[in-house]
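Take a look at the letters that make up each chain.
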Amino acid sequence: AGLAPADLDVIVVASITGDKIFPSTACILQSKLGASNAFCFDISAACSGLLYALEIGNSLLKSGGRYKKALVIGAEKLSAITDWTDRSTCVLFGDGAAALVLSKTDDNDGDSILSVDLGSNGNYSEILHLPAGGTAMPATHETIDGHLHYLKMGGQEVFKLAVTSMVESCRRTIAESGVPVE
């Protein structure tokens, strides 16, 4: 992006598989980059994490504050939480990462992001989750032996919900953007 690390004001990392519970992966990255001027934080939103982080970064730049440059990252190492003996999930999940630099400009012709439609529904939190490892179910020999530190998914339920939700979200976003479907 042609920037020095000191040019960054914000670093947002979206991940459910961060290096550590704390400090945030964003802080670890800040140190490795030498981006000492940036404030940093992680968000946990699984598959949609990069989109959430993008919206947060964009909103911070548009907030009228001092923020002018944001590094937004989505990174997952799902191989670390995948049960390789569970064929219903292990073939679906992999590792990946993407990084974007957002810049505030003086361009008054509008935003590069035309429309955003984010959503959540906590009523379905049990159909795709990691049962153990948090404060509700800390690590024990039983949770480890029971494979509860691996991703669990109700595949059919997730598929049905994702298809329905994504179609509706796409329709709302297209309508709000003013861009014809064609």
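Up top is the structure.
Definitions and limits used
Residues numbered from 1 in each chain as written. Predicted model: local features only at pLDDT ≥ 70, side-chain atom pairs only at ≥ 80, totals over all residues. Heavy atoms only, no water. Helix = DSSP H or I, 4+ residues; strand = E, 2+ residues; numbered from the N terminus. Buried < 20%, exposed > 50% of the residue type's maximum accessible area, 1.4 Å probe, protein only. Contact = heavy atoms within 4.5 Å. Areas by Shrake-Rupley, 256 points an atom, 1.4 Å probe, with all protein chains shown as cover. 1 Å grid on protein atoms, 1.4 Å probe; cavity = no way out; pocket = protein on both sides within 12 Å on 5 of 7 lines; lining within 4 Å. Points joined across faces, edges and corners; volume = space filled by probe spheres on them. Nonpolar A, V, L, I, M, F, W, Y, C, P; charged D, E, K, R; others polar. Expected span 1.5 Å × (residues − 1). Salt bridge = Lys/Arg side-chain N within 4 Å of Asp/Glu carboxyl O. Pairing = 2+ DSSP bridges. Axes fitted to C-alpha atoms, helices over the stretch in contact; angles between N-to-C directions.

Novice: Whenever I open this one, the overall build of the chain confuses me. Can you help?
Specialist: The helix and strand inventory of the chain stands at five helices and six strands. Principal-axis analysis of the C-alpha atoms places the extent of the chain at approximately 55 × 45 × 25 Å. Considering the chain as a whole, with its 182 residues, one finds that 27% of them fall into the buried category. Expressed as a percentage of contacts within the chain between residues at least 6 apart in sequence, the contacts between residues at least 24 apart total 66%. Here the chain has roughly 11700 Å² of accessible surface; of this, 58% comes from carbon and sulfur atoms.

Novice: What's the story with the layout of surface pockets in this structure? I'm lost.
Specialist: Once rolled over the atoms, a probe with the size of a water molecule shows which space is left empty. Its boundaries defined by the atoms lining it, the second largest pocket holds a volume of some 350 Å³. Secondary-structure elements contributing two or more residues to the lining of the second largest pocket are α2 (49–62) and β4 (95–103). With three residues, the top contributor of residues to the lining of the second largest pocket is α2. By residue class, the composition of the lining of the second largest pocket is three nonpolar, five polar and four charged.

Novice: Teacher, can you tell me more about α2 here?
Specialist: Three or four residues apart is the spacing at which side chains of an α-helix point the same way, because the helix has 3.6 residues per turn. A rise of 1.5 Å per residue sets the reference length of α2, with its 14 residues, at 20 Å; its end C-alpha atoms lie 20 Å apart and thus fit the reference within 8%. Taken residue by residue, α2 has G49, Y52, A53, G57, N58, L60 and L61 as its buried positions. Contacts from the buried residues of α2 go to β1 (10–14), β2 (39–43), β3 (69–77) and β4.

Novice: Help me understand the pattern of salt bridges in this model?
Specialist: Where charged atoms from two side chains of opposite charge come close, those side chains can pair. Following the criterion strictly, the structure yields two salt bridges and no others. R172 is the salt-bridge partner of D117, the closest N and O atoms lying 2.9 Å from each other. Of this pair, D117 sits in the loop between β4 and β5 (128–129) while R172 sits in helix α5 (residues 155–177), and the two are 55 residues apart along the sequence. For the salt bridge of E168 with R171, the shortest nitrogen-to-oxygen distance reads 3.0 Å. On the criterion of helical spacing, the pair formed by E168 and R171 is a turn pair, its members being three residues apart in helix α5. Residue classification places E168 among the partly exposed residues on the basis of a relative accessible area of 36%. When its relative accessible area of 53% is taken as the criterion, R171 is described as exposed.

Novice: Would you mind going over the sheet that holds β3 with me for this structure?
Specialist: Note: strands within a sheet are paired through backbone hydrogen bonds, in either parallel or antiparallel orientation. Here four strands make up an open sheet; going across it, the order is β2-β1-β3-β4 and the pairing mixed. Of all strands in the sheet, those with a lone pairing partner are β2 and β4, marking the two edges. Sheet twist, expressed as the mean angle between neighbouring strand axes with direction ignored, is 15°. In this sheet, β2 lies alongside β1 in parallel orientation, the contact comprising five bridges. Across the sheet, the residue bridging to V13 is D42, located in β2. The strands that α2 touches are β1, β2, β3 and β4; relative to β3, the one it contacts most, it runs at about 170°.

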